[in-house]
Amino acid sequence: MPLLIQFLRAGARSLMIWAVALVAVLAMYLSFFPSLGGAASGMAALVDQLPESMVKAVGYDQISTGAGYAQSTFFGLLGFFLGTAAAVAWGTRAVAGDEESGMLELTLAHPVSRVQLVMERTLAIVIRLAALGVVLGLALAAMSGPFELELEGGHIVAVVSAWVLLTLTIATAALMGGAVFGSRIAALGIGAGVAVLAFLLNALGAQSEENAWMSDISPFSWAYGERPLAQGWDGGGLGLLAALAAVFVAIALLVFARRDLRS
């Protein structure tokens with residue numbers, strides 16, 4: 001798999017940078033929990049100062065527990081947006097980046113099919129995001145004791161798996177945009193658009209029962225709606241994320257295999 005190896009090598013530095021950034025942000029957030037979570041009244045007072053709609057949207061009603069705090073403050077906020085940034089960058093680079101730079105034409109001049117290129121680039125993104133997930137999981141497990149989070153190992157694996165599949169869905173959306181339109185802007189817009197739409201649908205769906213259907217169609221809700229860090233695995237949600245990512249890759253394959261790259 002020469003394309004896979006080449007793409008992984010080219011992104012090794014960015015992978016390390018994203019890993020360091022995610023762990024640093026995770027440590028920053030979790031370090032506040034002993035002082036906040038140790039005083040239930042203080043935590044309640046903090047939540048009471050926030051708008052009720054915001055509390056429901058980001059899950060702050062659960063931050064009095066270690067699992068609820070870590071999931072709401074990290075996985076549901078900055079951890080999600082950092083993961084999205086990495087996913088969109090890699091998804092955009094996978095096809096559209098090479099096409100606009102002229103490298104794609106050189107690559108396809110070798111005995112490499114378009115299907116092979118898309119599949120190996122997708123696999124490379126899967127490996128990168130899985131590597132970030134392993135780093136996050138190990139860091140979270142290491143911080144659980146010192147920061148008094150009292151997290152269960154199986155639940156850590158569950159929430160990290162949800163994070164990986166959610167970011168993979170966003171990455172494959174960006175890859176699809178690049179494969180269909182051959183444009184960095186299109187790839188970036190589609191990837192970021194899926195992420196923003198997922199977050200907004202989840203936030204709006206939490207506001208009232210009338211809007212609950214919005215959560216039902218939100219990839220963000222599929223990942224975190226059942227609070228995996230507190231309650232464990234949600235096979236249905238993970239399955240929906242995997243299925244949506246597969247649909248994005250399938251569209252990329254179908255269109256890219258037939259598109260005129262000279263136009």
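All values derive from a computational prediction rather than experimental measurement.

### Side note on the pattern of salt bridges
Part 1: Summed over all chains, the structure comprises one salt bridge.
Part 2: Note that arginine 184 and glutamate 100 form a salt bridge whose closest N and O atoms lie 3.5 Å from each other. Separated by 84 residues along the polypeptide, arginine 184 in helix α10 (residues 184-205) and glutamate 100 in helix α6 (residues 66-101) bring together distant segments of the chain.
Part 3: A relative accessible area of 36% means that arginine 184 is categorised as partly exposed.
Part 4: With relative accessibility at 46%, the residue glutamate 100 sits in the partly exposed group.

### A short note on the side chain of histidine 155
Part 1: Along the chain, the position of histidine 155 falls in helix α9 (residues 153-181).
Part 2: Here histidine 155 falls in the buried class, since its relative accessible area comes to 14%.
Part 3: Aside from chain neighbours lying at most four places away, what touches histidine 155 is Pro228, Leu229, Ala230, Gln231 and Gly232.

### Digging into the packing of α6 against helix α8 (residues 114-144)
Part 1: Relative to each other, α6 and α8 sit at 155°, their axes nearing to 11 Å. In terms of axis orientation, α6 runs roughly antiparallel to α8. The element α6 and its partner α8 pack so that their crossing is right-handed. Contacts between α6 and α8 involve Phe74, Phe75, Trp90, Gly91, Arg93, Ala94, Val95 and Asp98 from the former and Leu117, Arg121, Ile125, Arg128, Leu129, Leu132, Leu136 and Leu140 from the latter.
Part 2: When the residues that make up the contact of α6 with α8 are grouped by side-chain class, the tally is eleven nonpolar, one polar and four charged.

### Quick word on the environment of phenylalanine 147
Part 1: On the secondary structure map, phenylalanine 147 appears in the loop between α8 and α9.
Part 2: Separated by 81 residues in sequence, phenylalanine 147 and glycine 66 have C-alpha atoms that sit 8.7 Å apart.
Part 3: Excluding residues within four positions of it along the chain, phenylalanine 147 makes contact with Ala27, Leu30, Ser31, Phe33 and Pro34.

### Re the side chain of threonine 169
Part 1: In this fold, threonine 169 is placed in helix α9.
Part 2: Residue classification places threonine 169 among the buried residues on the basis of a relative accessible area of 1%.
Part 3: A polar contact is formed between the side chain of threonine 169 and the backbone oxygen of leucine 165, at a distance of 2.8 Å.
Part 4: Here threonine 169 is in contact with Leu241, Leu244, Ala245 and Phe248, once residues within four sequence places are set aside.

### A short note on helix α1 (residues 2-10)
Part 1: All of the buried residues in α1 are Leu3, Leu4 and Phe7. Buried residues of α1, viewed axially, fall in a sector of 100°; they line one side. Projecting away from the buried face of α1 at angles above 90 degrees are the exposed residues Pro2 and Arg9.

### Observations concerning the nonpolar core
Part 1: Ranked by internal contacts, the top residues of the largest apolar core, which has 70 residues, are Phe75, Ile125, Leu140, Tyr224 and Leu229.
Part 2: Contributions of two or more residues to this core are made by α1, α2 (12-30), α6, α8, α9, α10, α12 (219-224) and α14 (235-256).
Part 3: It is α9 that contributes the most residues to this core, 15 residues altogether.

### Describing the packing of α2 against α8
Packed helices, taken two at a time, are described by the angle their axes make and the gap between the axes.
Part 1: The contact between α2 and α8 brings their axes to 10 Å, and the two run at 30°. Comparing their axes, α8 and α2 come out roughly parallel. Considering the relative orientation of α2 and α8, their crossing is right-handed. Facing Leu15, Trp18, Ala19, Leu22, Val23, Leu26, Ala27 and Leu30 of α2, the residues of α8 in contact are Arg128, Ala131, Leu132, Val135, Leu136, Ala139, Leu140 and Met143.
Part 2: Looking at the contact of α2 with α8, its residues break down into 15 nonpolar, no polar and one charged.

### Considering unusual backbone geometry
Part 1: Even without being a glycine, glutamate 148 presents a positive backbone phi close to 60°.
Part 2: Counting through the fold element by element, glutamate 148 comes out in the loop between α8 and α9.
Part 3: The partly exposed category is assigned to glutamate 148, whose relative accessible area is 46%.
Part 4: At arginine 227, a position not held by glycine, the phi torsion is positive, near 50°.
Part 5: Mapped onto the elements, arginine 227 comes out in the loop between α12 and α13 (228-231).

Analysis parameters
- Residues numbered from 1 in each chain as written.
- Predicted model: local features only at pLDDT ≥ 70, side-chain atom pairs only at ≥ 80, totals over all residues.
- Heavy atoms only, no water.
- Salt bridge = Lys/Arg side-chain N within 4 Å of Asp/Glu carboxyl O.
- Helix = DSSP H or I, 4+ residues; strand = E, 2+ residues; numbered from the N terminus.
- Buried < 20%, exposed > 50% of the residue type's maximum accessible area, 1.4 Å probe, protein only.
- Contact = heavy atoms within 4.5 Å.
- Axes fitted to C-alpha atoms, helices over the stretch in contact; angles between N-to-C directions.
- Parallel < 35°, antiparallel > 145°, perpendicular 65-115°, else oblique.
- Left-handed = near helix turned anticlockwise from the far one by under 90°.
- Nonpolar A, V, L, I, M, F, W, Y, C, P; charged D, E, K, R; others polar.
- Polar contact = N/O pair within 3.5 Å; in protein donor to acceptor, adjacent residues only side chain to side chain.
- Arc of directions from axis to C-beta.
- Core = buried A, V, L, I, M, F, W, Y, C linked by side-chain atoms within 4.5 Å.

Coordinates in, geometry out; function isn't part of it.
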